[in-house]
Amino acid sequence: MPGPRLAVSVALLALLAPFVGAPRVVRADGPALAGHEEALEAVRTAVRAGDWGAANETAKAWVAVPARVSGVWNQLPSLLRDADDAAETPRVARARALAAQHLELHEVALAQHELRVVRLEKAGENAANAAMDAARVAYLAAVAVLGDGDTAALEADRLERAAALFDRMAEHGITWMKEAGATKAAAVRALAAAGGGDAAQRIEFANAFWVRNVPALGRRLRPARAMVLAALERDPTDAQRLQIFQLAIPWTLELDELDAAVRLIDRLEKAAPTAVIDIDAQRFALAAARERTGDLEGAKRDLARIAKDARSAAAVAAHLRLAAIAEKAGDQAAALAHLEAAVALPEGLPQRGVNGDRQDAIVRLGRHWLAAGDADKALGYFERWKPESFCGNGVVEIQAERDYQIARCLIATGDPGRAFREHLHRWITSTDGDLLVGSDARIPELIITLHADDLEALVREIDAGGATHRTASLTRALTRIAIARRDDDVAALIAALVPNGNFVPTLRSPHDAHAVTAASKALGELGPKAWPALRKRWVDLTDGLAQDRDAWSKAQGERIWVVDAISRVRQPPEARRFLQELRHRAQKGESVGVPLDELRIALDRTKP
């Protein structure tokens, strides 16, 4: 007669007969395992019971077929092998803790980490890392106890169990980990004592407890959302009701649960008059989420719904977003139509962003028509542009851009005099501080182009204006370089290869080295005329300064730009051979005065 254990096994095998084609593992003293989840649960059951031997044997049997080794099974078998050891050592406790963590049995892992701490301290070893591991796992264990639902609806004993785990987090942690454990334990107990709290307490708890965590703990949006939505049943005030939706909707969008977000937005629309809250702002966020997840058609439907309402504060932004989607799809006509519609909306609507979306539409239309060759139409848009910014420097930058674009339009329409008088002149003569604070040389270059017939007069005008700010200084420097290039003045151009300021621009990061770049390009254009002088200057900056460490260091920026100028000289071929020899010496570890990366960039430019 078969024994009772064998009879049970036979019965289980009969029940599993339909799965005979599936991969199975059969333990000598246990049930048949029909698949991955069954095998994993068998291991969990053994670990919960403290039977590490059974857990190890089950895992070994399951991964005997190589094709099954994936996911959690990549590391779990080796951890269980180390855990299946009777030795009472910190190493064994650590293996058991990590195996339990892989199985998401956080309370088992916590007990093992704590045992590891005790064993390390008993052996007189440093247990700080083990204690921090215990603190981290205590947090995960507490979170698992609380779950993803309405935290405040949990039974009192379950809340206390979570609070006790947070106590252990504080006990083992240091600095912010210790503080977070103590704070969260107190918060859970306070909520339990308040019977789940009123609406205000639930809103605050959800935000502070689940969302406003340090990055190492992460944000947990599902339980936060469940808790604030449950607060709707706690007689919230009208303001609290709106706050609940304004928290839950963005959390839901962040989770990419878009259908749930739609339902919440609809509930918000019914709960609040449009005079109190801009419901279209929520729908705009929904459209952005759809676009992020690849649902462009859904995004376009949401945005079109917003754009239809000319009174909506989000209508302009909706048209702009629709224009961007159309541009990405190559539908330029639709993009222009949406930009025109944005500009045509009433002026009194609140604006999104610092400069206002309507201003963005105006600028984009101006740039489009200027690129398309219709300077008159572009001019009309740029003249309607009203630069605004909360930052003083930002206003200056935007105003400079407006003047530059209008000047381009006027020049294209045949009125360069007005372009200079009304939109460019002040940028080189005003003494009201640094008018242009960015790294843009477009205004100086445009001014020089307009004065190409009398560059000396331009220098005199700048000097007479008395401006010393960056824009005037750069225009003066670029004008003098243009004069030297016109006159084939190699010496003046070589003298201009010295970078200004404390920052030394390089070929990899030239930043705003507009003057030295212009001088280098001009020397390259002179070709054979410049080569002997550049070669001599290199000798002066290397052989002549080799014994003077301070002078050698000070001249590094100039050496880089002399190399850059040499790389631009296409003839004679000696220039390329010269750079190749420098690179060869640098590759051997010799100090040649210019970093190897800079030489590589220069040589790349000389390729035929």
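Residues numbered from 1 in each chain as written. Predicted model: local features only at pLDDT ≥ 70, side-chain atom pairs only at ≥ 80, totals over all residues. Heavy atoms only, no water.

## A closer look at the pattern of salt bridges
Selection rule: Any carboxyl oxygen of Asp or Glu within 4 Å of a side-chain nitrogen of Lys or Arg constitutes a salt bridge here. Partly exposed residues are those whose accessible area sits between 20% and 50% of the maximum for their type, while under 20% is buried and over 50% is exposed, using a 1.4 Å probe and protein chains only.
One pass over the full model with this rule turns up 46 salt bridges. Where R91 meets D85, a salt bridge forms, and the shortest distance between an N and an O atom there is 3.3 Å. Looking at R91, the relative accessible area reads 49%, which means it is partly exposed. A relative accessible area of 27% means that D85 is categorised as partly exposed. R486 is the salt-bridge partner of D487, the closest N and O atoms lying 2.9 Å from each other. Look at R486 and you get partly exposed, because its relative accessible area is 42%. One network of salt bridges, with partners in common, ties together D266, E269, R283 and R305.

## Re the packing of helix α17 (residues 332-344) against helix α18 (residues 357-371)
Put simply, the rule is: Where helices are involved, their axes are fitted lines through C-alpha atoms of the stretch in contact, as for all axes, and angles between N-to-C directions lie from 0 to 180°. Secondary structure elements follow DSSP: runs of H or I of four or more residues count as helices, runs of E of two or more count as strands, with numbering from the N terminus. With respect to orientation, any angle under 35 degrees is reported as roughly parallel, any angle over 145 as roughly antiparallel, any angle of 65 to 115 as roughly perpendicular, and every other angle as oblique. Crossings are sorted by hand: turned counterclockwise from the far helix by less than a right angle, the near helix makes the crossing left-handed, and turned clockwise it makes it right-handed. Any two residues whose heavy atoms approach within 4.5 Å are treated as being in contact. Charged means Asp, Glu, Lys or Arg here, nonpolar means Ala, Val, Leu, Ile, Met, Phe, Trp, Tyr, Cys or Pro, and polar covers whatever is left, Gly included.
In the contact formed by α17 and α18, the axes pass within 8 Å of each other and the chain directions differ by 135°. The angle between α17 and α18 places the two elements in the oblique class. In this structure, the crossing between α17 and α18 has a hand that is left-handed. Contact residues: Q332, L336, L339, E340, A342 and V343 in α17; R358, A361, I362, R364, L365, H368 and W369 in α18. Classifying every residue of the contact of α17 with α18 by side-chain character gives eight nonpolar, two polar and three charged.

## Some points on the confidence of the model for the protein
Worth spelling out the cut-off: pLDDT is a residue-level measure of predictor confidence that goes from 0 to 100.
Looking at the protein as a whole, its pLDDT mean stands at 87, while 90% of the residues score no less than 70. Taken as a whole, residues 1-32 scores under 50 in pLDDT and shows 29 contacts with residues more than four places along the chain or in a different chain. Scored below 50 in pLDDT, residues 351-356 makes 16 contacts in the model with residues more than four places away or belonging to other chains.

## Remarks on the nonpolar core
Quick note on the threshold: Among buried residues, those of type Ala, Val, Leu, Ile, Met, Phe, Trp, Tyr and Cys that are joined through side-chain atoms within 4.5 Å constitute a nonpolar core.
Formed by 79 residues in total, the largest nonpolar core has its most connected members in V47, W73, L80, L146, F166, M169 and W210. The element best represented in this core is helix α7 (residues 128-146), accounting for eleven residues. Those residues in contact with W73, other than ones at most four positions away along the chain, are H36, A39, L40, V43, A59, W62, V63 and R68. Grouped together as the second largest cluster of nonpolar side chains are 50 residues, L336, V343, V363 and A407 included.

## A short note on the packing of aromatic side chains
What counts is decided by this rule: Note on aromatic pairs: the rings of Phe, Tyr and Trp (six-membered ring only in Trp) are paired at centre separations within 6.5 Å, and the planes decide the class, stacked below 30 degrees, edge-to-face beyond 60, tilted for the rest.
The final tally for this structure, using the stated rule, is eight aromatic pairs. With 6.2 Å between their ring centres and 50° between their planes, Y139 and F166 make a pair best called tilted. Here F166 lies in helix α8 (residues 156-172) and Y139 lies in helix α7, a separation of 27 residues in the sequence. Of the two residues, Y139 and F166, both sit in the buried class. Relative to W385, the ring of F382 has its centre 6.3 Å away and its plane inclined at 40°; by these criteria the two rings are tilted. Accessibility classification places F382 together with W385 in one group, the buried group. By the ring-pair criterion, three or more aromatic residues cluster together here, those being Y139, F166, F205, F209 and W210.

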